Amino acid sequence: MDGARVVVTGGAGFLGSWLCERLLGDGAAVVCVDSLVTGARTNVAPLVDHPRFTFVAADVCEGVPVDGAVDRVFHLASVASPVHYLRLPLETLRSGSLGTTHALDLAERTGARFLLASTSEVYGDPLEHPQHESYWGNVNPIGPRSVYDEAKRFAEATTAAYRRSLGTDATIARIFNTYGPRMALADGRVVPAFVQQALAGEPLTVAGDGSQTRSLCWVADTVDGLVRLGESGFPGPVNIGGDAEVTVLELARTIIDLTGSSSTIEHVPLPQDDPRVRRPDLAEAEGLLGWRPRTPLREGLIRTIEWVAAQRRPEHLPA
Ligand code: UDP
């Protein structure tokens, strides 16, 4: 990456900001493009004075206003958490469709290598377990989650078509649940929600009976997978995620244990079309990229708990 000029759309989001930091560390010049709809300036605040970092405030639905040579485009810009995409359904569809087309056009025009940040949600509520990349998914096309799932499926179709029709050097990462510092505290994601509840001594809101599973990946591990895939020239799709599967109830109990909290568990209604199980088959990632997640869940959770606790200290709270 030394000397490469890399555009990261969604670079001020949770994953995007970790990716920008990693790429700067690898010697790249990074152009971070973000609308700040769900991203936050604070996520990239430590990077803004870096001589190789540029921030561009723009909505990818309108275009990606970057001039000059570009070597890589990492296209992450999207609303990504259920709470937000249920609140912003049309914006989510537009960023997956129009936004992806604009990001691909930039790669096509500049000859840059392109990586689409797709999602395990393309598998929907999967009927195959674990999910291999060859599985086509089980998505309710008109349910409330479809605005995200189908937007990302459209984004995958567009990326594959640019590669086939125009020869764009494009690849697709299917990213599974990722956690760590800088997750938005108010976006309803299970890890920050449970950690905040545990630290406040409030009940942990477990959806349904909590038997649904997720496989969580530490953010720096996910970012390493994205960088390796982006450098590989392999068309994908490739699953990037953790393969240590836990039930939501087990996760709640682990977080109560790690925080030493006296919180109880409160069962709340399961959201519509909430996937019952989720775990990536990592054979492709291991075989093609030599990548697998390294950070054990408890270790990553401890670091995340420390970060959330620091955000809750008075100097970080709004006046
Ligand atoms: N969940 C929960 N309590 C919460 C938030 C989420 O039990 O306060 C559940 C949610 O229903 C899902 C899982 O945790 O089964 C992961 O949810 P998240 O929104 O983090 O990600 P998803 O994988 O659904 O996109």
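Just above, that's the structure.
If you're wondering where the values come from, they're calculated on a predicted model, not measured in any experiment.

S.K.: Residues and numbers for the sheet that holds strand E11 (residues 238-240), please.
M.R.: The parallel open sheet is built from 7 strands, whose spatial order is E3-E2-E1-E4-E5-E6-E11. A single partner strand is all that each edge strand has here, and the edge strands are strand E3 (53-57) and E11. Each adjacent strand pair in this sheet contributes to an overall mean axis angle of 20°, direction not counted. Of the pairings in the sheet, the one linking strand E5 (residues 113-119) to strand E6 (residues 170-175) comprises 6 bridges and is parallel in character.

S.K.: Describe the nonpolar core, and please don't skip the residues or the numbers.
M.R.: Formed by 57 residues in total, the largest nonpolar core has its most connected members in Leu23, Phe74 and Leu251. Here this core gets 7 residues from one element, more than from any other, and that element is helix H1 (residues 14-25). One finds Ala58, Val60, Ala103 and Ala112 within the second-largest nonpolar core, a separate group that totals 22 residues.

S.K.: Describe the site of the ligand, and please don't skip the residues or the numbers.
M.R.: Lining the immediate surroundings of the ligand are 18 residues, of which Thr205, Ala207, Arg214, Asp274 and Arg278 lie closest. One nitrogen or oxygen atom from the side chain of arginine 189 is found 3.4 Å from an oxygen atom belonging to the ligand. Alanine 207 is positioned with one of its backbone polar atoms (N or O) 2.7 Å from an oxygen atom of the ligand. Coverage of the ligand by the protein chains reaches 91% of its 520 Å² of free accessible surface. Contributing elements (two or more residues each) for the shell around the ligand: helix H6 (190-200) and strand E8 (204-207). Grouping the constituent residues of the shell around the ligand by class yields 8 nonpolar, 4 polar and 6 charged.

S.K.: Describe in detail H1, supporting the description with residues and values.
M.R.: End to end, H1 covers 17 Å across 12 residues, agreeing with the expected 16 Å (1.5 Å per residue, within 8%). Counting buried positions along H1 gives 9 out of 12 residues, so the element sits mostly inside the fold. Residues of H1 that are buried include every one of Phe14, Leu15, Gly16, Ser17, Trp18, Leu19, Cys20, Leu23 and Leu24, and no others.

S.K.: I'd like a description of the pattern of salt bridges, backed by residues and values.
M.R.: In the structure shown here, the tally under the stated rule is 19 salt bridges. Between arginine 228 and aspartate 224 there is a salt bridge; the shortest N-O distance is 3.1 Å. In this pair, arginine 228 and aspartate 224 are both assigned in helix H7 (residues 219-232), 4 residues apart and thus about one turn of the helix distant. Residue classification places aspartate 224 among the buried positions, given a relative accessible area of 17%.

S.K.: A description of the packing of aromatic side chains should follow, citing residues and the corresponding values.
M.R.: All told, the structure shown has 5 aromatic pairs when counted by the stated rule. A centroid spacing of 4.6 Å and a plane angle of 5° characterise the contact between tyrosine 85 and tyrosine 148, whose relative ring orientation is stacked. Of this pair, tyrosine 85 sits in helix H3 (residues 82-87) while tyrosine 148 sits in helix H5 (residues 146-166); the two residues are 63 residues apart in sequence, bridging distant segments of the chain. Across the pair, tyrosine 148 and tyrosine 85 agree in class, each one buried. Ring centres of tyrosine 123 and tyrosine 135 lie 6.0 Å apart, and the angle between their planes is 20°; on these two criteria the pair is classed as stacked. Of this pair, tyrosine 123 sits in the loop between E5 and H5 while tyrosine 135 sits in the loop between E5 and H5, and the two are 12 residues apart along the sequence. With respect to burial, tyrosine 123 and tyrosine 135 carry one shared label: buried. In this structure an aromatic cluster arises from ring pairing among Trp18, Tyr179 and Trp218.

Cut-offs used in this document
Residues numbered from 1 in each chain as written. Predicted model: local features only at pLDDT ≥ 70, side-chain atom pairs only at ≥ 80, totals over all residues. Heavy atoms only, no water. Pairing = 2+ DSSP bridges. Helix = DSSP H or I, 4+ residues; strand = E, 2+ residues; numbered from the N terminus. Axes fitted to C-alpha atoms, helices over the stretch in contact; angles between N-to-C directions. Core = buried A, V, L, I, M, F, W, Y, C linked by side-chain atoms within 4.5 Å. Buried < 20%, exposed > 50% of the residue type's maximum accessible area, 1.4 Å probe, protein only. Near = heavy atom within 4 Å. Polar contact = N/O pair within 3.5 Å; in protein donor to acceptor, adjacent residues only side chain to side chain. Areas by Shrake-Rupley, 256 points an atom, 1.4 Å probe, with all protein chains shown as cover. Nonpolar A, V, L, I, M, F, W, Y, C, P; charged D, E, K, R; others polar. Expected span 1.5 Å × (residues − 1). Salt bridge = Lys/Arg side-chain N within 4 Å of Asp/Glu carboxyl O. Phe/Tyr/Trp six-rings, centres within 6.5 Å; stacked < 30°, edge-to-face > 60°.

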